[in-house]
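# Remarks on the overall topology
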Amino acid sequence: MDKTRYQQQVAKTMGERELEDAVLEMAKALGWLSFHALPARSKDGGRWRTHQRGDVGFPDLCMVHPKTGKIAMFELKTEKGKPTAAQQSWLDALKGSCEATVASGIWRPSDLLAGTIGETLAWGTKKGSR
Ligand SMILES: [Mg+2]
């Protein structure tokens, strides 16, 4: 199996949690400060909820690099996962922010395997625009 086909197979089976773990590990190694809200469940085993105020759909990861002030806000999805309407609203709004200092969008397992996530995280460690 060639590298590309192997990567496609791995991407198909990688869950959002695995992707998140990999991204957070890479971000920490490059000096990013990261935030990710985790859902919690009540003691009686009720529904999973992420407590918050404001508008739903906020991206999974919010990171800032303390040396450059660059910000990365990304929604994590499995290879075939689709953003909800609320998540897409946030991503559309973020797209209008300053591209020189803010990176946003959706990250999928294939982005991790292709090196796109690593490139964005490395971008955040350097002053100046892309
Ligand atoms: Mg997600």
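Look up a bit, the structure's there.
Let me sum up the structure you'll find in this document. (Residues numbered from 1 in each chain as written. Predicted model: local features only at pLDDT ≥ 70, side-chain atom pairs only at ≥ 80, totals over all residues.)

### A short note on helix 2 (residues 16-29)
If you check helix 2, its first and last C-alpha atoms are 20 Å apart, about what 14 residues at 1.5 Å a residue would give, namely 20 Å. The complete set of buried residues in helix 2 reads Leu19, Val23 and Ala27. Each buried residue of helix 2 sits inside an arc of 60 degrees when the element is viewed along its axis, so together they form one side. Within helix 2, the exposed residues directed more than 90 degrees away from the buried face are Arg17, Asp21, Glu25 and Ala29. The secondary structure elements touched by the buried residues of helix 2 are strand 1 (33-35), strand 4 (61-64), strand 5 (71-76), strand 6 (102-107), helix 4 (109-114) and helix 5 (116-123). Gly31 sits one or two residues past helix 2 and shows a positive phi near 90 degrees. (Helix = DSSP H or I, 4+ residues; strand = E, 2+ residues; numbered from the N terminus. Expected span 1.5 Å × (residues − 1). Buried ≥ 20, exposed ≤ 12 C-beta atoms within 10 Å, placed from the backbone. Arc of directions from axis to C-beta. Contact = placed C-beta atoms within 7 Å.)

### Description of the environment of His51
Turning to its location among the elements, His51 is positioned in the loop between strand 3 (48-49) and strand 4. Given 7 C-beta atoms within a 10 Å radius, His51 is considered exposed. Sequence separation between His51 and Thr84 is 33 residues; the distance between their C-alpha atoms is 18 Å.

### Observations regarding the sheet that holds strand 4
On the basis of which strands lie adjacent, the open sheet formed by four strands has the order 1-4-5-6 and mixed pairing. What marks the edges here is a single partner per strand, and that holds for strand 1 and strand 6. Recorded for the sheet is a direction-independent mean angle of 15 degrees between the axes of neighbouring strands. As judged from the three bridges shared by strand 1 and strand 4, these two strands associate in the antiparallel manner. Across the sheet, Leu33 pairs through a bridge with Val64, a residue of strand 4. In the packing of helix 3 (residues 85-95) onto the sheet, the strands contacted are strand 5 and strand 6, and the crossing angle to strand 6 comes to about 150 degrees. (Pairing = 2+ DSSP bridges. Axes fitted to C-alpha atoms, helices over the stretch in contact; angles between N-to-C directions.)

### Re the nonpolar core
Within the largest apolar cluster, 14 residues are counted, with the highest numbers of intra-cluster contacts made by Leu19, Val23, Ala27, Ala72, Phe74, Trp107 and Ile117. Counting only elements with at least two residues in this core, the list comes to helix 2, strand 5, strand 6 and helix 5. Element by element, the count of residues in this core is highest for strand 5, at four residues. Look past the residues within four positions of Ala72 in its chain and what remains in contact with it is Met63, Ala103, Thr120 and Gly124. (Core = buried A, V, L, I, M, F, W, Y, C linked by C-beta atoms within 7 Å.)

### Description of the environment of Phe35
Of note, Phe35 is situated in strand 1. Assessed through the 11 C-beta atoms surrounding it within 10 Å, Phe35 is described here as exposed. Residues Phe35 and Ala11 lie 24 residues apart in sequence; the distance between their C-alpha atoms is 24 Å.

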